[in-house]
Amino acid sequence: MKTADSGQIGILCADDQPVFTAVASRLRDVGQSVRFFDPRSKLTRPHIDDLALLVNKQVFPLNLPALRYARQTGTLLWNNLVATLALSSRLIGLRALETVGFRTPRITFEKPEFEYVAKPCYIWHGDPELNGEGEFYQERIHTEPIDYKYYAINDGTRVQTAAKRVTSKLHGPKRFLNQIRPRPTLTRRLRRLVTRLNLHGVGIDFVKDDECRFWAVDVNLAAGYRNSGLETALYESIRVNLPDGDQGTTFSD
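Below you will find a few notes about this structure. (Residues numbered from 1 in each chain as written. Predicted model: local features only at pLDDT ≥ 70, side-chain atom pairs only at ≥ 80, totals over all residues. Heavy atoms only, no water.)

A look at helix 7 (residues 231–240)
Those residues of helix 7 lying buried are A233, L234, Y235, S237, I238 and R239. Buried residues in helix 7 make contact with strand 1 (8–12), helix 1 (18–29), strand 3 (51–55), strand 9 (146–154) and strand 10 (159–167). (Buried < 20%, exposed > 50% of the residue type's maximum accessible area, 1.4 Å probe, protein only. Helix = DSSP H or I, 4+ residues; strand = E, 2+ residues; numbered from the N terminus. Contact = heavy atoms within 4.5 Å.)

Focus on unusual backbone geometry
Positive phi is not limited to glycine here, since N131 has a value of about 55 degrees. Among the residues examined, N131 registers a relative accessible area of 35% and is labelled partly exposed. One non-glycine residue with positive phi stands out, namely N227, at about 55 degrees. When you line up the elements, N227 lands in the loop between strand 13 (214–220) and helix 7.

Considerations on the sheet that holds strand 5 (residues 107–108)
Strands sit in the order 5-8-6-7 across an open sheet of four strands; the sheet is antiparallel. Of all strands in the sheet, those bounded by a partner on one side alone are strand 5 and strand 7 (129–130). The pairing of strand 6 (residues 116–119) with strand 8 (residues 136–139) spans four bridges and is antiparallel. Each residue of the ladder has a partner; that of K119, found in strand 8, is F136. Of the strands in this sheet, strand 5, strand 6 and strand 8 touch helix 5 (residues 90–99), which is tilted by about 35 degrees from strand 8. (Pairing = 2+ DSSP bridges. Axes fitted to C-alpha atoms, helices over the stretch in contact; angles between N-to-C directions.)

Description of the nonpolar core
Counting 27 residues, the largest nonpolar core has L97, F102, V202, I204 and F206 as the members making the most contacts within it. Here F102 is in contact with L97, L186, R189, L190, I204, F206 and A216, once residues within four sequence places are set aside. Counting 26 residues, the second-largest nonpolar core is a separate cluster that includes A24, A52, V55 and Y225. (Core = buried A, V, L, I, M, F, W, Y, C linked by side-chain atoms within 4.5 Å.)

Details of the environment of E113
One can find E113 in the loop between strand 5 and strand 6. Note on E113: relative accessible area 83%, which makes it exposed. Residues E113 and E139 lie 26 residues apart in sequence; the distance between their C-alpha atoms is 9.8 Å.

Right, here's the structure in full:
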C-alpha cells in the first residue's frame, strides 16, 4: 500500500469538467497535488507510480491495463476495479439494478415490434438511440421526454444522494430543468447498490411512466454530478480514500 510519500491525486477526467475542476481546486487549497488525465489518452506505469489515488471518473478500454497495474502496485482507485469493469457492460449494469430492486425495461437482442431504445453493450461504444441500430434493444417506456438522474457519493461517513430532472438526450441536447427531492424508495435501493458493489460514486438514470412508476434505464460510474450539489461530498469522498497521513490540512467552509 502506498503512503503519503506517493504523491498526487490523479483524476481521469477532462480538465474542464466543472464539478471535478471545483473539487480539484478545493483539494489544492488544503495542500493536495492534483493532476487531470485525459481519459482518451493512455496512462503509463510512471503516471500510476506517481499517484496516491486515481479518481477513475471516466474509463476507456485503453486505460484498463493501467487500472490493473494500479491495483497490483498499491495505487488506490476511487471506484474499485471489479465494479468499474462490470458496470462498463450495460447488460451487467441493468442486472445489478434489478438485483437491488429497481424496475428495468425488458430487453431483446433483435429489433422488437414495440418502440425501443437501441444501445451498445459497452458504455464506451456510443450513446443510446431511439428506434435505431444497437447491440441490444431496450423497451421504450412511454412518458414525457425527461430523465430523472440520481446520484450517490460515499463520503466516508454516509452515502449522500441527490436527484435532478433533465431533458432526454433521445430527443435533443440534454438540458437541466431542476433539482428534485430524491424519493426514499429509490434512494434506499441506490444506497444498497453502493454498499453491495463497494462504490464511492455512481449515477443512475430513470424515466417515469404514466402511472408514476420509475424505471431504471442506465447506471453510470462516469457521472458528471452537474447541478447535483454534491461537490462537498465528492471532495470529502476523495480525501477519505487517500492513504493515511495524506489528507492535507483540515478544510472548513
